[in-house]
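Structural characterization, general
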Amino acid sequence: MIGIIYFVVIVLANTIGAVSGMGGGVLIKPILDLIGAHSVATISFYATVAIFVMSFVSTWRQVKKGSEINFHLAGYVAAGSIVGGILGNLAFELLLALFAEESSVKLIQIALTLVTLIFALLYSCFDWKHYRLKEGKWYVIAGLVLGFLASLLGIGGGPINVSLLMLLFSMPIKQATLYSITTIFFSQLAKLVTIAFATGFGRFDLSMLFYVIPAAILGGILGSQLSNILSAKKVTLVFQSLIVVVLLINLYNGWQIVVE
């Protein structure tokens, strides 16, 4: 039954996440936390696998359908996000080792997620200044920051990806969503490789991947199709609506931990 619930959650989350450029983890992680069927480390692992598969499928399909990617630019962002993804996972494992209670780690993740959500919401609602940074180092730094947060928070990158890319490089939102998904792919790949060499996958219930992976593929396909259909204005609306929903879910999860 839990596998079926996870399947439905991941399909819906990855579809919306692919359209908005946030990645499905921004919904998957807090919803699976809310269900509470697995440990924080296991939920983070399932979310990582789902986001990785979705980002690959979504990027591949959008490129196949004619979406233009500057692979030179994407390479800089990818390089930064790979290093950031490794560092983010190491930071996550360090937090698990430092705190006896998993709820403390979960509360830290929620607090940081709320900060990124509020920043993204305010940025999308108000016409803040855009920069036009061109040098490769800025793309590497942006990828590093985004990859770190994606891996540490277990949400794949979430809302800050799109907002930061628009802020630093003056990208239109549909282009930012595409590069955001590309960044998510490399950061989650780095996280999976780090897990494989650091702790291995033996501590996780891998049978759940029979639900997680097909759901992630389906979500990536549906999301890429919708992304090609929707206008920039509607993508912005999806982006803002998703932020509000995830804000409420994270606030509820945080409140539940505090009152326990």
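These notes cover the structure that comes with them. (Residues numbered from 1 in each chain as written. Predicted model: local features only at pLDDT ≥ 70, side-chain atom pairs only at ≥ 80, totals over all residues. Heavy atoms only, no water.)

A general trend in soluble globular proteins is that nonpolar side chains are found buried together. Core analysis: the biggest nonpolar cluster contains 77 residues, and Phe45 and Met171 have the highest contact counts within it. Broken down by element, the residue count for this core peaks at 13 residues, all from helix H3 (residues 40–64). Other than its neighbours up to four places away in sequence, Met171 contacts Leu73, Tyr139, Leu165, Met166, Ala176 and Tyr179. (Core = buried A, V, L, I, M, F, W, Y, C linked by side-chain atoms within 4.5 Å. Buried < 20%, exposed > 50% of the residue type's maximum accessible area, 1.4 Å probe, protein only. Helix = DSSP H or I, 4+ residues; strand = E, 2+ residues; numbered from the N terminus. Contact = heavy atoms within 4.5 Å.)

Taking 1.5 Å of rise per residue, 26 residues should cover 38 Å, and helix H8 (residues 173–198) covers 36 Å from first to last C-alpha, within 8% of that figure. Where H8 ends, the next residue or the one after it, Gly200, has phi of about 80°, a positive value. (Expected span 1.5 Å × (residues − 1).)

Assignment of secondary structure puts Ile69 in the loop between H3 and helix H4 (71–98). As for Ile69 and Asn14, which are separated by 55 residues in sequence, their C-alpha atoms are 21 Å apart.

This part covers the side chain of Thr194. Looking at the element boundaries, Thr194 is found in helix H8. Excluding its chain neighbours within four sequence positions, the residues that come into contact with Thr194 are Ile86, Asn89 and Leu90.

Attention now goes to the packing of aromatic side chains. Evaluation of the coordinates by the stated rule reveals ten aromatic pairs. Considering the side-chain rings of Tyr139 and Phe169, the 4.0 Å spacing of their centres and the 10° angle between planes classify their relative orientation as stacked. Here Tyr139 is found in helix H6 (residues 136–153), whereas its partner Phe169 is found in helix H7 (residues 159–169), with 30 residues between them in sequence. There is no split in this pair, since Tyr139 and Phe169 are both buried. (Phe/Tyr/Trp six-rings, centres within 6.5 Å; stacked < 30°, edge-to-face > 60°.)

This part takes up the packing of helix H1 (residues 2–20) against helix H9 (residues 209–229). It is the contact of H1 with H9, at a shortest axis distance of 7 Å, that shows an interaxial angle of 25°. Of the possible angle classes, the one that applies to H1 and H9 is roughly parallel. Seen along the crossing, H1 lies across H9 with a hand that is right-handed. A breakdown of the residues in the contact of H1 with H9 according to their chemical character gives 14 nonpolar, eight polar and no charged. (Axes fitted to C-alpha atoms, helices over the stretch in contact; angles between N-to-C directions. Parallel < 35°, antiparallel > 145°, perpendicular 65-115°, else oblique. Left-handed = near helix turned anticlockwise from the far one by under 90°. Nonpolar A, V, L, I, M, F, W, Y, C, P; charged D, E, K, R; others polar.)

Coordinates in, geometry out; function isn't part of it.
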